[in-house]
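Observations on chain architecture
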Amino acid sequence: MSKYTWCLHCETVHLTKSWEQHGKEKGDTIDAVHGLCPNCVAGGFLDGWRWSELVKYNGYPKEPKIGHEYPLYPTDEQKKLLSS
Ligand SMILES: [Zn+2]
């Protein structure tokens, strides 16, 4: 299990355990298993991506800023800003 999970819906990153906790508190059965985005309540089953995928493709830092927005398709400028 990845330490961080990124949301396809709102493009913010959170601790995976925050997703799990939110899913248990606010979600239905499937959310209790896969979690819910702490920011926008997208379901982790479809919209929760392992942070390591974003690190691999976009060169984002392994330890992201929690709650920060990291676009899936960053411009070169954004890539530069967000990779440090
Ligand atoms: Zn979200």
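In the block above lies the structure referred to throughout.
Residues numbered from 1 in each chain as written. Predicted model: local features only at pLDDT ≥ 70, side-chain atom pairs only at ≥ 80, totals over all residues.

In terms of nonpolar packing, the biggest core is built from eleven residues, these being Tyr-4, Trp-6, Cys-7, Val-13, Trp-19, Leu-36, Cys-37, Trp-51, Leu-54, Tyr-60 and Tyr-70. Sorting elements by how many residues they give to this core places strand S1 (residues 4-7) first, with three residues. When residues no more than four places from it in sequence are discounted, the contact partners of Cys-7 are Thr-12, Cys-37, Asn-39, Cys-40, Ala-42, Asp-47 and Gly-48. (Core = buried A, V, L, I, M, F, W, Y, C linked by C-beta atoms within 7 Å. Buried ≥ 20, exposed ≤ 12 C-beta atoms within 10 Å, placed from the backbone. Helix = DSSP H or I, 4+ residues; strand = E, 2+ residues; numbered from the N terminus. Contact = placed C-beta atoms within 7 Å.)

Our focus in this paragraph is the environment of Cys-10. Among the secondary structure elements, Cys-10 is positioned in the loop between S1 and strand S2 (13-15). Note: C-alpha distance between Cys-10 and Tyr-73 (63 residues apart in sequence) is 13 Å. Cys-10 has contacts with Cys-37, Asn-39, Cys-40 and Ala-42, leaving out every residue within four places of it along the chain.

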